[in-house]
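Residues per chain are reported as follows:
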Amino acid sequence: MTAQTAQTVAAPTRTRRGVNLEKWGWLFMRVSGVILVVLIFGHLFINLMVGEGIHALDFAFIAGKFATPFWQWWDVIMLWLALIHGANGMRTIVNDYVTNTTARKVLIWALGLAAGLLILLGTLVVFTFDPCLGVTETSTLWESCQALGK
């Protein structure tokens, strides 16, 4: 009987074809992380340092930002990337530490549903935001809304 060496042992072959979702998830985490750093620091810089800084941060400031498509899309992209990035990270943790197959599937589905619901609600808030909704004559926004014709 001869001893097997590294030269005589065949390397395992890959038979699975198709899309490698783990590879794409890994790549997404790296790319979205870099983009999120830019989006988040841009968001913080504009909200906290430009103009009057944190003292200007109020309902009117947010209403003014959400009145422009650029900031709407900035915030929606940041929301989508952050939630998908976070859900994918949690999915990885669940895959690493949850050993029960049923529990793993339930948790991954719950993560997906929670992320999907938050993405849907957040996107609706950003794109349907109306600062004049419910404004009465006693409100500080009354004159601004009247000027806008709402």
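Heads up: these notes are all about the structure in this document. All values reported here derive from a predicted model rather than from experimental measurement.

### Considerations on helix 3 (residues 69-97)
Reasoning step 1: In this model helix 3 runs 42 Å from its N-terminal to its C-terminal C-alpha over 29 residues, within 8% of the 42 Å that 1.5 Å per residue would give.
Reasoning step 2: Restricting attention to buried positions, one finds in helix 3 the residues Trp71, Gln72, Trp74, Asp75, Val76, Met78, Leu81, Ala87, Asn88, Arg91 and Val94.
Reasoning step 3: Contact partners of the buried residues in helix 3: helix 1 (21-48), helix 2 (59-66) and helix 4 (101-128).

### Quick word on the nonpolar core
Reasoning step 1: Counting residues in hydrophobic clusters, the biggest one holds six residues: Leu36, Leu39, Trp71, Trp74, Met78 and Leu81.
Reasoning step 2: Looking at this core, the elements with two or more residues in it are helix 1 and helix 3.
Reasoning step 3: With four residues, the top contributor of residues to this core is helix 3.

### A short note on the side chain of aspartate 75
Reasoning step 1: Position of aspartate 75 relative to the elements: it lies in helix 3.
Reasoning step 2: It is lysine 65 that comes nearest to the buried, bridge-free aspartate 75 among opposite-charge side chains, at 4.3 Å.
Reasoning step 3: Those residues within four positions of aspartate 75 in sequence are excluded, and the remaining contacts are His43, Lys65 and Phe66.

### What about helix 1?
Reasoning step 1: With 28 residues, helix 1 extends 38 Å between its outermost C-alpha atoms, agreeing within 8% with the 40 Å of an ideal straight helix rising 1.5 Å per residue.
Reasoning step 2: When helix 1 is considered as a whole, its buried residues turn out to be Gly25, Met29, Ser32, Leu36, Leu39, Gly42 and Asn47.
Reasoning step 3: Where the residues of helix 1 are buried, they touch helix 2 and helix 3.
Reasoning step 4: Residue asparagine 20 occupies the N-cap position of helix 1, its side-chain oxygen lying 3.3 Å from the main-chain nitrogen of glutamate 22.

Rules used throughout
Residues numbered from 1 in each chain as written. Predicted model: local features only at pLDDT ≥ 70, side-chain atom pairs only at ≥ 80, totals over all residues. Heavy atoms only, no water. Helix = DSSP H or I, 4+ residues; strand = E, 2+ residues; numbered from the N terminus. Expected span 1.5 Å × (residues − 1). Buried < 20%, exposed > 50% of the residue type's maximum accessible area, 1.4 Å probe, protein only. Contact = heavy atoms within 4.5 Å. Core = buried A, V, L, I, M, F, W, Y, C linked by side-chain atoms within 4.5 Å. Lys, Arg positive; Asp, Glu negative; His and termini not counted. Salt bridge = Lys/Arg side-chain N within 4 Å of Asp/Glu carboxyl O. Polar contact = N/O pair within 3.5 Å; in protein donor to acceptor, adjacent residues only side chain to side chain.

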